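Breakdown of the fold
Here is how the chains run, residue by residue.
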Amino acid sequence: MTAWVLPTVRATSWTPLAGVAVCLAVASALAAHGGAWPGTLTGVATAAVAAAVVAGLRDPAAALLAAVPTSHAVRRARRLALLLPAGFGLWLAAVGGPLLGLLALTTSGLAVAVWAGVPLGVAAPVLWVITARAVDIDWDPRPELVTVAAGAALWMGRNR
Amino acid sequence: MIEAIALTKSYGGTRAVDDVTLSADRGVIGLLGPNGAGKTSLLRMAATVLAPDEGSLRLLGLDPGRADERVQIRRRLGYLPQSPGLYPGFTPYDMVDYVAVLKEHTDRERRRHEVRRVLEAVTLQDVMHRKIRALSGGMKQRVALACALVGQPDLLVLDEPANGLDPDQRLGLRSLLSAAPTVLMATHNISEVSALCQQVYVMFTGRVRFAGTPAELAGLAHGRVWEDDRQDPDAVRSWLTPTGSYRHLGDPPSGAAVVDPTLDDGYLLLARMEHAP
């Protein structure tokens with residue numbers, strides 16, 4: 001096994017994803033009782049998973065590790081290589097359906113995180129879905145375009 | 001090792017580092033100054049973490065502004081920030097091992113040897129398998145210091161390394177640092193500077209106001225320190241010493257018992273001159 005994998009798994013903040021997993025398990029149980037997920041909750045569940053993936057990037061040792069030869073971008077990419085499959089797997093298991101909406105929200109949150117910090121990156125997907133519901137618009141109108149745009153922003157900010 | 005010319009760094013409208021020129025080859029270089037003087041920003045630039053807005057910086061003969069050279073510098077650099085966060089669920093061994101992995105120590109056996117070496121250097125070998133969350137503040141500081149020491153760096157950049165250390169640990173730190181090739185260290189502790197540093201820079205409001213040896217800094221107060229058994233209202237600073245007499249700093253009155261200045265006297269006089277109208 002590559003030397004970075006195990007310590008990165010341990011250094012990654014899994015609590016947000018675990019918390020969302022518990023909430024989704026409860027919601028899934030309730031949904032199963034009622035027949036299916038209520039459509040209005042799908043957006044909130046998707047935003048919660050996206051936010052939890054972004055929250056996993058929080059690194060308490062970031063200052064200490066700031067001057068190691070393995071760059072911040074590489075360390076972040078390694079965390080995402082662990083967090084994204086876990087988050088997407090959780091979403092598929094609990095909510096299911098097309099992944100594009102989740103991909104769009106997660107990429108947007110990550111893009112905000114690299115440019116404005118992890119806390120705002122966590123808030124971004126949740127705020128977007130809440131705002132969309134408040135003004136009664138679709139929360140994932142063009143997920144492929146959002147993913148491409150947010151991915152470009154993420155790429156441009158990869159060394160931040 | 002460090003060659004900084006006219007470095008400037010601003011945050012918004014505030015110049016945290018203002019036209020700082022600094023040169024250091026080998027030995028321990030101390031950075032003194034009050035909070036907000038720009039020491040941490042300067043150290044972050046010297047650690048390749050922060051890019052200067054203006055000026056030129058070369059570290060270990062390389063340009064940290066170039067991505068490829070920055071990686072080469074980081075391979076030979078150890079950095080201890082002012083507030084080094086750690087993973088509470090890790091042990092000191094895990095933490096230092098992870099840093100060694102990130103410092104590209106790929107051979108497992110050599111890495112294990114190196115991790116043990118640095119943990120012994122900071123005398124943490126007895127608690128190396130205890131969770132970091134269960135360690136004292138001084139032990140956590142030594143874990144962070146051990147991380148900076150991984151790979152025997154040619155350049156150590158340390159922000160308040162003696163934070164949280166007890167007197168015995170401070171002495172240990174001194175012997176550790178005196179063995180390092182080049183150390184750039186910010187501190188509020190003047191006794192550390194007088195014990196360790198060959199060169200000292202004093203910063204106020206982002207600018208270097210003094211550069212020289214500790215003896216030269218103390219010499220700034222030559223002829224301006226006197227002792228008396230009464231407090232002198234004309235002195236710029238006065239304080240009661242353990243012997244029961246008052247030590248005064250400023251322009252001594254005629255007939256005053258002038259004494260040899262210390263590094264504290266030189267620094268305090270410089271600080272006073274900085275804040276004088």
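Residues numbered from 1 in each chain as written. Chains lettered and ligands numbered in written order. Predicted model: local features only at pLDDT ≥ 70, side-chain atom pairs only at ≥ 80, totals over all residues.

Some remarks on the packing of helix α3 (residues 39-55) of chain A against helix α4 (residues 72-94) of chain A
Residue and element names in this part refer to chain A.
- In contact at an axis separation of 9 Å, α3 and α4 are set at 165° when each is read in the N-to-C sense. Here α3 lies roughly antiparallel to α4, going by the angle between them. The hand of the α3/α4 crossing is right-handed. Along the contact surface, α3 presents Thr46, Val49, Ala52 and Val53, while α4 presents Leu83, Leu84, Gly87, Leu90 and Trp91.
- In terms of residue class, the contact of α3 with α4 is made up of 7 nonpolar, 2 polar and no charged. (Axes fitted to C-alpha atoms, helices over the stretch in contact; angles between N-to-C directions. Helix = DSSP H or I, 4+ residues; strand = E, 2+ residues; numbered from the N terminus. Parallel < 35°, antiparallel > 145°, perpendicular 65-115°, else oblique. Left-handed = near helix turned anticlockwise from the far one by under 90°. Contact = placed C-beta atoms within 7 Å. Nonpolar A, V, L, I, M, F, W, Y, C, P; charged D, E, K, R; others polar.)

Topic: the domain arrangement of chain B
All names here are of chain B.
- The domain boundaries assigned to chain B delineate domain 1 (2-212) and domain 2 (218-275).
- Measuring from the centre of the C-alpha atoms in domain 1 to the corresponding centre in domain 2 gives 33 Å.
- Taken together, the contact pairs 8 residues of domain 1 with 5 residues of domain 2.
- Listing elements by their share of the side of domain 1 that touches domain 2, those giving two or more residues are α7 (190-196), β8 (199-204) and β9 (207-212).
- Considering every element that reaches the side of domain 1 that touches domain 2, the biggest residue donor is α7, with 3 residues.
- Here the residues of the side of domain 1 that touches domain 2 sort into 6 nonpolar, 1 polar and 1 charged. (Domains from an automatic or database assignment.)

Comments concerning the interface of chain A and chain B
- On the side of chain B, 27 residues touch chain A, which itself brings 16 residues to the contact.
- Looking at side-chain class alone, the side of chain A that touches chain B contains 14 nonpolar, 1 polar and 1 charged residues.

As for the sheet that holds strand β7 (residues 182-186) of chain B
Residues and elements named next belong to chain B.
- The mixed open sheet is built from 6 strands, whose spatial order is β5-β6-β7-β3-β8-β9. Each having just a single partner strand, β5 (77-80) and β9 make up the two edges of the open sheet. Going from strand to strand, the sheet's axes swing by 15° on average, the running direction of each strand aside.
- Bridge count for strand β3 (residues 27-32) against β8 is 4 bridges, and the pairing is parallel. Paired with Ile29 across the two strands is Gln199, which belongs to β8.
- Against the sheet, helix α5 (residues 137-149) makes contact with β5 and β6 (155-159), and its axis sits at roughly 160° relative to β5, the strand it touches most. (Pairing = 2+ DSSP bridges.)

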